[in-house]
Amino acid sequence: MDSDNGGVTDALPPPPPEVPEDVVPIKAEPEAKKKVARVPMARRGLASKGQKAQLLTNHFKVNVSNVDGHFFHYSVALFYEDGRPVDAKGVGRKVLDKVHETYSSELDGKEFAYDGEKSLFTVGALPRNKLEFTVVLDSMNSNRNNGNASPDNDKKRMRRSYQSKTFKVELSFAAKIPMQAIAQALRGQESENSQEALRVLDIILRQHAAKQGCLLVRQSFFHNDVKNFADVGGGVLGCRGFHSSFRTSQGGLSLNIDVSTTMIIQPGPVVDFLIANQNVKDPYSIDWTKAKRTLKNLRVKNETNTEYKITGLSEKPCNQQLFSLRQKTKDENGEFETMEVTVYDYFVNYRKMDLRYSADLPCINVGKPKKPIFLPIEFCQLVSLQRYTKSLSTMQRASLVEKSRQKPQERMRVLSDALKINDYDAEPLLRSCGISINSSFTQVEGRVLQAPKLKVGQGEDFFPRNGRWNFNNKKLVDPTKIERWAVANFSARCDIRNLVKDLIKCGGLKGIRIDEPFDVFEESPQNRRAPPVVRVEKMFDYIQSKLPGAPQFLLCLLPERKNSDLYGPWKKKCLADFGIVTQCIAPMRVNDQYLTNVLLKINAKLGGLNSMLVVEHTPSIPIVSKSPTIILGMDVSHGQPGQSDVPSIAAVVSSRHWPSISRYRASVRTQSPKVEMVDSLFKKVSDTVDEGIMKELLLDFYVSSAKRKPDQIIIFRDGVSESQFNQVLNKELDQIIEACKFLDDKWCPKFLVIIAQKNHHTKFFQQGSPDNVPPGTVIDNKVCHPRNNDFYMCAHAGMIGTTRPTHYHVLYDEIGFSADDLQELVHSLSYVYQRSTTAISVVAPICYAHLAATQMSQFMKFEERSETSSSHGGTGVTSAGAVPVPQLPKLQENVCNSMFFC
């Protein structure tokens, strides 16, 4: 053996041990191939179908001249004087503003971008890799200079003058980010560096807004200006602001500015807020247990404008709540004497302050658990711009939508003004990056696709106009018969006999033959006060005692139009316990249009079809009609913010009866709270049993499509952000492939994966027209991704406000669609939604997944309420160490393949 170390050979290893004669060699396993992670595909080409249209978009072109510079990233650590780390949120910005003001020369006069937490960025390096500063902050009075600021935890006591605070700040070099990375991203080469560089630019925008005293919510900024507030009821205001972020696109770097709305607590007297929040007449009707929960951690200021955080309420009213008041005299040990006085007595007699209504109400506690500080409620004003994070009620949501919508031209004007007001050209950091922002909307070329031809009853075909159609003088394409049915009325006030008569007549005109109902079952008046589950049980007992057998269909009349507590228990009883198709209505204004809409839903639930695409009937859908294809819509919905223990609900809907793309069924499961990836697509319980969602859907497709397995699987996935695309491609798609292999090892279907996003800030406008873009508008250039395969589509007619396009990302395509065929398919799938006679804004399978998840989550709702303990019982453990999640009840066999969610 030659070697390079001066001709000395390495010592040989010792010989292997002797192998005994009776040993049977073990077969070596072939080395497992390392799985290559899938990444989003690149664009293969642009589409060309449709009529060209010149449009404007709310992206503003950005020029970057300093491409050779670097961002320097420094970690920020904050400590109190005694070395304890600072955990109070929001104090960071004040401290670093002070550092900037005090130590400008030590920082080489550099500006920096601070994210409010642990990261700080400069253009070019600071003088040293590690810097330490000490700053002193004076009293934190409520001049609200930052949306996220919370008053410092160690607040001043009532009688002590405020002691200023000392902070230590350590900056240490963490990384160097080349600005060149932005240019590379624009050429389609994304990297960690390019994402970081864009993050720095966004942090500069956040800091710019924070300096103007805005509330910051991610990349949206809200000014404290009453003109931007709209009362939506319940002590909650909608606050209008702006979203502002940098985006890479085919047209270069752009700044995306849009109108944004968040919810805030009504500022002003605490009592006024509570009266509005609880919808009561006066302070004496307030439920204080509820008030304590609502007020916790909100910030108030007192009569001297000092800001505090509410920690609770006093146990007793103001005129009975005692505390120890220090006297001027000392006892024999030299300690100051104390005297117990009531809070009321202290303010009225010692401080000579007038209290009009607080005497009999609890005090606001702004102290610590061991050291409470009580303030009479009438001296407490809620500080402005505090976010309200609970879900809105139906009424609040309706009010918000009405007050925040803007016509396209008004929105354009508001956005142009926002760009002027923000004056980003004056931001020193953007200047040092060599960034300048164009003040005009970017021009893009859109195309308007022709609406697909629809087929209705009696062989009639027609083209929808402006994304809409109706069933006047038309019959449904596949109407059902309603034979054995009855009406259940939960004390709704309406003329039921006439309602039934009109329904039968309207059905006849549309081709649905409806027999007379067996009976109308009226709820007994003494049950009206009972809990919802009991009311439903009693109604079912009553129906069972009278009907000869199970009905085919039940029409249910509810007393409240939205959010009736009876809805969940009723649906669960019908679908899971008895397998009966049901339709709930809360009739207010019953006219022909209302009845037609109700009948569209009933017909679809009973297995009929209202209209279909002509290309489905012939069948001549490119690629899809050629070989068996299943279309999936997937969505995960989570509990409202703040409910960390409510299971998330995953819904997957799938097409059936290929070559139809208008008929679907759903599979819905619970999973661990706030988990975004669907975790039960494949659920191997033993070597031969898979209890996952996919098996259920694939078997149904096989049975309903004349015993054919799909060769092609098209997946539409909703509700994931760009950071989660790789998980969809590698985790979810892997599970689906495993489910296919488990059914048949030799079966290799081809996949197409498309993400649909509605949660973005890109809008399109027609040049020189007050109207929204026409339905069928598609854009796949200029504002789209520099490399990836994405496009925007407005399939629907925006009737009010400004149309929100759906952003489709084609992540993976083994099937080989051309850009035109794929966009046509997406457009067509916006026309097969059976509940309405309009094109909808996102493909039908995704809408159905939302509906199925929402409806089945109602099954859970009342179960949580009826459980006495707060812990969730249940069976299915979702992953190692995860809390077991209660399972949804299974639907009966005769309804589980139906469009029950319609």
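In this text, all values refer to a predicted model and were calculated from it rather than measured experimentally.

A tally of helices and strands in the protein yields 19 helices and 39 strands. For 902 residues, the compact-globule estimate of 2.2 N^0.38 gives 29 Å, and the protein sits close to it at 33 Å. When the backbone C-alpha atoms are referred to their principal axes, the protein occupies close to 100 × 95 × 85 Å. Relative to its full complement of 902 residues, the protein shows a buried share of 53%. The long-range fraction of contacts in the protein, counting pairs at least 24 apart against all pairs at least 6 apart in sequence, stands at 72%. For the protein, the accessible surface area stands at approximately 43,200 Å², while carbon and sulfur atoms represent 49% of it. The averaged location of the 100 negative side-chain charges in the protein is 6 Å from the averaged location of its 118 positive side-chain charges.

The geometry of two aromatic rings is summed up by the distance between their centres and the angle between their planes. Enumeration over the complete set of coordinates arrives at 23 aromatic pairs. Measuring from centroid to centroid gives 5.4 Å for Phe-323 and Tyr-346, while their planes differ by 90 degrees, and the two rings are edge-to-face. In this pair, Phe-323 sits in strand 16 (residues 322-330) while Tyr-346 sits in helix 6 (residues 343-350), placing the two residues 23 residues apart along the sequence. Owing to a relative accessible area of 17%, Phe-323 belongs among the buried residues under this scheme. Between the aromatic rings of Phe-764 and Tyr-792, the centroid separation amounts to 5.5 Å while the plane-to-plane angle is 70 degrees, which identifies the pairing as edge-to-face. In this pair, Phe-764 is assigned in strand 36 (residues 764-766) and Tyr-792 in strand 38 (residues 789-794), connecting sequence segments 28 residues apart. Of the two residues examined, Phe-764 and Tyr-792, each falls in the buried class.

Three or more residues of helix 7 (residues 394-404) are buried, namely Gln-396, Ser-399, Leu-400 and Ser-404. Take helix 7 and look down its axis: the buried residues cluster within an arc of 110 degrees, on one side only. Opposite the buried face of helix 7, at more than 90 degrees from it, the exposed residues are Met-395 and Glu-402. Turning to helix 7, the residues buried within the fold contact strand 9 (229-233), strand 10 (236-249) and strand 11 (252-265).

This part covers the packing of helix 11 (residues 532-546) against helix 12 (residues 567-578). Two elements in contact, helix 11 and helix 12, have axes whose closest approach is 9 Å; the angle formed by their N-to-C orientations is 50 degrees. Judged on the interaxial angle alone, helix 12 and helix 11 are oblique. The interaxial crossing formed by helix 11 with helix 12 has right-handed handedness. On the side of helix 11, the interface is formed by Pro-532, Val-533, Val-536, Glu-537, Met-539, Phe-540, Ile-543 and Gln-544, while helix 12 contributes Pro-569, Trp-570, Lys-573, Cys-574 and Phe-578. When grouped by side-chain class, the residues that make up the contact of helix 11 with helix 12 number 10 nonpolar, one polar and two charged.

Further remarks concern the pattern of salt bridges. Two side chains bearing opposite charge may form a pair once their charged atoms approach each other closely. Applying the stated criterion across every chain, the model contains 30 salt bridges. Through salt bridges that share partners, Asp-258, Arg-411 and Lys-763 make up one connected network.

A few words now on the confidence of the model for the protein. Caution applies to low-pLDDT parts of the model: their predicted coordinates are not meant to be read in detail. Scored by pLDDT, the protein comes out at a mean of 89, with 91% of its residues at no less than 70. By mean pLDDT, the top-scoring element of the protein is strand 35 (residues 750-757) (98), and the lowest-scoring one is helix 18 (residues 844-866) (82). Low pLDDT (under 50) marks residues 141-162, which in the prediction has 73 contacts with non-local residues, meaning those over four places away or in another chain.

Strand order in the open sheet made by the three strands is 23-22-30, with antiparallel pairing throughout. One side of each edge strand has no neighbouring strand; the edge strands of this open sheet are strand 23 (461-462) and strand 30 (612-613). In this sheet, strand 23 lies alongside strand 22 (residues 454-455) in antiparallel orientation, the contact comprising two bridges. Looking at strand 23, one finds that Lys-455 is bridged to Asp-461.

It is worth spelling out the sheet that holds strand 13 (residues 299-301) at this point. Read from one edge to the other, the open sheet built from four strands follows the order 12-20-13-14, with strand pairing classed as antiparallel. Sheet topology places strand 12 (268-269) and strand 14 (307-309) at the edges, where each strand pairs with a single neighbour. Bridge count for strand 12 against strand 20 (residues 381-382) is two bridges, and the pairing is antiparallel. Within strand 20, the residue paired with Gly-268 across the bridge is Leu-382.

Definitions and limits used
- Residues numbered from 1 in each chain as written.
- Predicted model: local features only at pLDDT ≥ 70, side-chain atom pairs only at ≥ 80, totals over all residues.
- Heavy atoms only, no water.
- Helix = DSSP H or I, 4+ residues; strand = E, 2+ residues; numbered from the N terminus.
- Rg over C-alpha atoms; globule rule 2.2 N^0.38 Å.
- Buried < 20%, exposed > 50% of the residue type's maximum accessible area, 1.4 Å probe, protein only.
- Contact = heavy atoms within 4.5 Å.
- Areas by Shrake-Rupley, 256 points an atom, 1.4 Å probe, with all protein chains shown as cover.
- Lys, Arg positive; Asp, Glu negative; His and termini not counted.
- Charge placed at Lys NZ, Arg CZ, Asp CG, Glu CD.
- Phe/Tyr/Trp six-rings, centres within 6.5 Å; stacked < 30°, edge-to-face > 60°.
- Arc of directions from axis to C-beta.
- Axes fitted to C-alpha atoms, helices over the stretch in contact; angles between N-to-C directions.
- Parallel < 35°, antiparallel > 145°, perpendicular 65-115°, else oblique.
- Left-handed = near helix turned anticlockwise from the far one by under 90°.
- Nonpolar A, V, L, I, M, F, W, Y, C, P; charged D, E, K, R; others polar.
- Salt bridge = Lys/Arg side-chain N within 4 Å of Asp/Glu carboxyl O.
- pLDDT = per-residue confidence, 0-100.
- Pairing = 2+ DSSP bridges.

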